[in-house]
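A closer look at the structure
As a plain string of letters, each chain reads:
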Amino acid sequence: MTVHLARRPAAQWWALAGFFAAVIVVALVGGLAVARPADDYAALVRPGWAPPSWLFGPVWTVLYAMIAVAGWLVWRRAGWGPALGAYAVQLVLNAIWTPLFFGAGQRGLAFADIVALWLAIGVTVLLFRRISTVAAWLLVPYWLWVTFAAALNFTIWHLN
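Worth saying up front: this structure is predicted, and the values here are computed from it rather than measured.

Some points on the overall build of the protein chain
- For the protein chain, the helix and strand inventory stands at 6 helices and 0 strands.
- Listed N to C, the secondary structure of the protein chain is α-α-α-α-α-α in terms of helices and strands.
- Here the protein chain has a C-alpha radius of gyration of 17 Å; the compact-globule value for 160 residues is 15 Å, and the two agree.
- Counting only C-alpha atoms and orienting by the principal axes, one finds that the protein chain spans roughly 60 × 30 × 20 Å.

Quick look at the structure:
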């Protein structure tokens, strides 16, 4: 008799650590691509509704934790499949945005990326919902933040 990997307690915790590692890598890609994103952000012409640069770190820390837990919950129930494939796509699109927007200064390309990211999150939420309602809801604040970030990206692109 074989025991499904997701049912072994030690494997579950290692998998959770793996999901956290994945979102940390996404965050590091953005961090390594840009030496001083707060300075770059401050130098941009921004709309009056743009949040201060100090807010992004705490918001993304909470969102990344929620993203990691959501992926782990789905993995525990369904293993690797289309839902986690969509999850991986949105992580890659997330990782690409900061280097495009800040590192390369390609605000228009960054906007195209964030629109694709928004769509990928939506697909992920729909696929996760079939497996775990909790996991799907854990991604909703992320989807809302990316909606706001897309509007900010678009506005900054046009102002600069």
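On we go.
Section: the packing of aromatic side chains
- Throughout the structure, instances matching the rule amount to 17 aromatic pairs.
- Where W145 meets F148, the ring centres are 5.4 Å apart and the plane angle is 40°; that geometry is what we call tilted. With a gap of 3 residues between them, W145 and F148 both fall in helix 6 (residues 133–159), about one helical turn apart.
- Here F148 falls in the partly exposed class, since its relative accessible area comes to 27%.
- Here the aromatic residues Y41, W49, F56, W145 and F148 are joined through ring pairs into a cluster of three or more.

Structural notes on the nonpolar core
- In terms of nonpolar packing, the biggest core is built from 49 residues, with I67, Y87, F128 and Y142 touching the most fellow members.
- Of all elements in the fold, only helix 1 (9–33), helix 3 (56–78), helix 4 (82–103), helix 5 (107–131) and helix 6 reach the threshold of two or more residues within this core.
- Leaving out residues up to four positions away in the same chain, Y142 has contacts with W60, L63, I67, Q90, N94, L117 and I121.

Regarding the packing of helix 4 against helix 5
- Where helix 4 meets helix 5, the axes come as close as 8 Å, and the angle between the chain directions of the two elements is 160°. By the angle between their axes, helix 4 is roughly antiparallel relative to helix 5. When you trace helix 4 past helix 5, the crossing you get is left-handed.
- Partitioning the contact of helix 4 with helix 5 into residue classes produces 23 nonpolar, 3 polar and 2 charged.

A few points about a nonpolar patch on the surface
- A contiguous nonpolar surface patch, about 330 Å² in accessible area, is contributed by I24, L28 and L32.
- Tracing the backbone shows I24 in helix 1.

Remarks on the environment of T124
- Note that T124 resides in helix 5.
- In the structure, T124 is positioned 23 residues away from T147 in sequence and 15 Å away in space, judged by C-alpha atoms.
- In contact with T124, not counting residues within four places along its chain, are A83, A86, Y87, Q90 and L139.
- At a separation of 2.7 Å, a polar atom in the side chain of T124 contacts the main-chain carbonyl oxygen of A120.

Brief notes about the environment of S132
- Along the chain, S132 falls in the loop between helix 5 and helix 6.
- Discounting chain neighbours no more than four positions away, the residues touching S132 are L73 and R77.

Side note on helix 3
- Between the first and last C-alpha of helix 3 there are 32 Å, a value that for 23 residues agrees with the 33 Å anticipated at 1.5 Å per step.
- When helix 3 is considered as a whole, its buried residues turn out to be V59, L63, Y64, I67, A68, A70, G71, W72, L73, V74 and W75.
- Following helix 3 by one or two positions, G79 adopts a phi angle in the positive range, close to 70°.

Quick look at the environment of L84
- Tracing the chain through its elements places L84 in helix 4.
- L84 sits 40 residues away from T124 along the chain, and the two C-alpha atoms are 7.8 Å apart.
- Every residue in contact with L84, bar those within four places of it in the chain, is listed here: F19, G71, V74, W75, G79 and F128.

Thresholds applied
Residues numbered from 1 in each chain as written. Predicted model: local features only at pLDDT ≥ 70, side-chain atom pairs only at ≥ 80, totals over all residues. Heavy atoms only, no water. Helix = DSSP H or I, 4+ residues; strand = E, 2+ residues; numbered from the N terminus. Rg over C-alpha atoms; globule rule 2.2 N^0.38 Å. Phe/Tyr/Trp six-rings, centres within 6.5 Å; stacked < 30°, edge-to-face > 60°. Buried < 20%, exposed > 50% of the residue type's maximum accessible area, 1.4 Å probe, protein only. Core = buried A, V, L, I, M, F, W, Y, C linked by side-chain atoms within 4.5 Å. Contact = heavy atoms within 4.5 Å. Axes fitted to C-alpha atoms, helices over the stretch in contact; angles between N-to-C directions. Parallel < 35°, antiparallel > 145°, perpendicular 65-115°, else oblique. Left-handed = near helix turned anticlockwise from the far one by under 90°. Nonpolar A, V, L, I, M, F, W, Y, C, P; charged D, E, K, R; others polar. Patch = residues over 30% accessible without salt bridge, like charges linked within 9 Å, V, L, I, M, F, W, Y side chains within 5 Å. Areas by Shrake-Rupley, 256 points an atom, 1.4 Å probe, with all protein chains shown as cover. Salt bridge = Lys/Arg side-chain N within 4 Å of Asp/Glu carboxyl O. Polar contact = N/O pair within 3.5 Å; in protein donor to acceptor, adjacent residues only side chain to side chain. Expected span 1.5 Å × (residues − 1).

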